[in-house]
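# An overview of the molecular structure
Each chain, written out:
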Amino acid sequence: MTGPQEILAPLREAEIRSGLIIRRIGTTIHLFQEVESTNDEAAALASRGEAEGTIVIAERQRRGRGRLGRRWESPTGLGLYLSVILRPAIPPQSAPILTLMGAVAGAEAIERTTGLTTTLKWPNDLILHGRKVGGILGEMAAEGARLLHVIIGIGINVNQTETDFAGELRQIATSLRVEAGQPIDRTAMARSLCESLDGWYERFLSHGPQPILEQVRRRCLTVGRMVTARSGDEEVSGFAVEMDDLGRLVIRDATGALHHLVAGDVTLTG
Ligand code: BTN
């Protein structure tokens, strides 16, 4: 039986790897005590030719990055900070579907590990009981029309307590431990995430984006709500009608005009 001490113990590569049921994601795992950002580490490995499916995990990130230039708080041993290298044969403009894939895999892995039902706030927030428990940062390298690699970085707040969240984060963030009412085994979470990513990536390679889009639609909190979306200097308010087949959020404003958003920051207003 696993006691609280083991549950809060540092990650070990051999324990994450042992008995993993995967085809390509997690065949190589690099586990670091501390990095600037696992996305940067994975991108550096990818540009030196590292194989598709390689995972980078860190116990702490000095400069964990979120979307839109934000910081991702990455305290030692509390969260899961994981990035995966992908090299699909798709054009660069199709790569954002893989960020949605990361969100679907993250939600599934949380459910399998904790039993907690996880929803998504478009485009890539993992939500438990109305608060953010994780997020996905997709980044790519391309040469003209050729996609070189995609890095999908996933951050999940696992064993933080309420007091570990400082300032405004305390109102909007949560962790698996807070929501489950008990510490959660990060090794189990990391293993489950590798297996879910692997399953969804295989489905993507065999069947294209539709299975991922279906899952996002099933879990998405954003569609069917009144929202305000900010993207750069632009702000759009209105009704979120749907997520289209390109993964864009479609918003109908007060004049009836439709706006198709590729990225942005969405606030649910009603
Ligand atoms: C967001 O919600 O804004 C995205 C957060 C993504 C955080 C993860 S943690 C692992 C990977 N490394 C990073 O620097 N960022 C991503």
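Residues numbered from 1 in each chain as written. Predicted model: local features only at pLDDT ≥ 70, side-chain atom pairs only at ≥ 80, totals over all residues. Heavy atoms only, no water.

An unreviewed UniProt entry lists the protein chain under the name biotin--[biotin carboxyl-carrier protein] ligase, from Candidatus Methylomirabilis lanthanidiphila.

### Observations regarding the sheet that holds strand E9 (residues 234-243)
What counts is decided by this rule: The rule for pairing is simple: two strands pair if DSSP sees at least two bridges between them. In this description a helix means any DSSP run of H or I spanning at least four residues, a strand means any run of E spanning at least two, and both kinds are numbered starting from the N terminus. Axis lines are fitted to C-alpha atoms, over the contacting stretch for helices. Their N-to-C directions set the angle, which ranges from 0 to 180 degrees.
Strand order in the open sheet formed by five strands is E11-E10-E9-E8-E12, with antiparallel pairing between adjacent strands. The open sheet has two edge strands, strand E11 (258-261) and strand E12 (265-268), and neither has a second partner. Between one strand axis and the next, the sheet turns through 40° on average, direction left out of account. Sheet analysis places strand E8 (residues 226-231) next to E9, joined by six bridges and oriented antiparallel. If you follow alanine 229 over to E9, its bridge partner there is valine 236.

### Things to note about the site of the ligand
So the rule is basically this: Nearness is judged by heavy atoms alone; a residue qualifies as near a molecule or strand once a single heavy atom is within 4 Å of it. Nitrogen and oxygen atoms within 3.5 Å of one another constitute a polar contact, given that in protein one can donate a hydrogen and the other can accept it, and given that sequence-neighbouring residues count only through two side-chain atoms. Here the Shrake-Rupley method, with its probe set to 1.4 Å, supplies the accessible areas, and only the displayed protein chains count as covering residues. Residues are said to line a cavity or pocket when one of their atoms sits within 4 Å of a point; the points come from a 1 Å grid over protein atoms alone, cavities being sets where a 1.4 Å probe fits but cannot get out and pockets being open sets with protein on both sides within 12 Å along at least five of seven lines. If over half the atoms of a molecule are within 2 Å of the grid points of a cavity or pocket, the molecule is regarded as sitting in it.
Within the structure, the ligand sits among 20 residues, and Ser37, Gln61, Arg65, Arg67 and Lys132 are positioned closest to it. A distance of 3.1 Å separates a nitrogen atom of the ligand from a polar atom in the side chain of threonine 38. Within the contact set of the ligand, an oxygen atom lies 2.5 Å away from a side-chain nitrogen or oxygen of lysine 132. Starting from 410 Å² of accessible surface for the ligand in isolation, the protein chains cover 98%. The cavity that encloses the ligand is the largest pocket. Listed by contribution, the elements that provide at least two residues to the shell around the ligand are helix H3 (38-47), strand E3 (79-86), strand E6 (131-143) and strand E7 (146-157). Considering each element in turn, the shell around the ligand owes the most residues, four residues, to E6.

### Describing the layout of surface pockets
Think of a ball as big as a water molecule: rolled over the atoms, this probe shows where empty space is left. For the record, the criterion: Grid points are joined across faces, edges and corners, and a volume is the space filled by probe spheres set on the points. Charged residues are taken to be Asp, Glu, Lys and Arg, nonpolar residues to be Ala, Val, Leu, Ile, Met, Phe, Trp, Tyr, Cys and Pro, and polar residues to be all remaining types, Gly included. Each domain's extent is set by a domain assignment, obtained either automatically or from a database.
Here the largest pocket is characterised by a volume of approximately 1,100 Å³. As for the largest pocket, its lining consists of 42 residues, of which Trp72, Asp125, Lys132, Leu169 and Ile172 are closest to the centre. At the level of secondary structure, the elements contributing two or more residues to the lining of the largest pocket comprise H3, E3, strand E5 (125-128), E6, E7, helix H5 (169-172) and E12. For the lining of the largest pocket, the element with the most residues is E6, which contributes five residues. In the lining of the largest pocket, the residues fall into 16 nonpolar, 14 polar and 12 charged. There are two domains that each give the lining of the largest pocket at least three residues, and those are domain 1 (4-219) and domain 2 (226-268).

### Description of unusual backbone geometry
The test is simple: Exposure classes here rest on a 1.4 Å probe applied to the protein chains alone. A residue is buried below 20% of its type maximum, exposed above 50%, and partly exposed in between.
Along the chain, tryptophan 122 connects to proline 123 via a cis peptide bond; the corresponding omega equals 5°. The residue proline 123 is located in the loop between strand E4 (119-121) and E5 in this model. Not every positive phi belongs to a glycine, and leucine 68 is a case in point at roughly 55°. Here leucine 68 lies in the loop between strand E2 (55-61) and E3. Since its relative accessible area comes to 51%, leucine 68 is described here as exposed. Unusually for a residue other than glycine, histidine 129 sits at a positive phi of about 45°. By secondary structure assignment, the location of histidine 129 is in the loop between E5 and E6.

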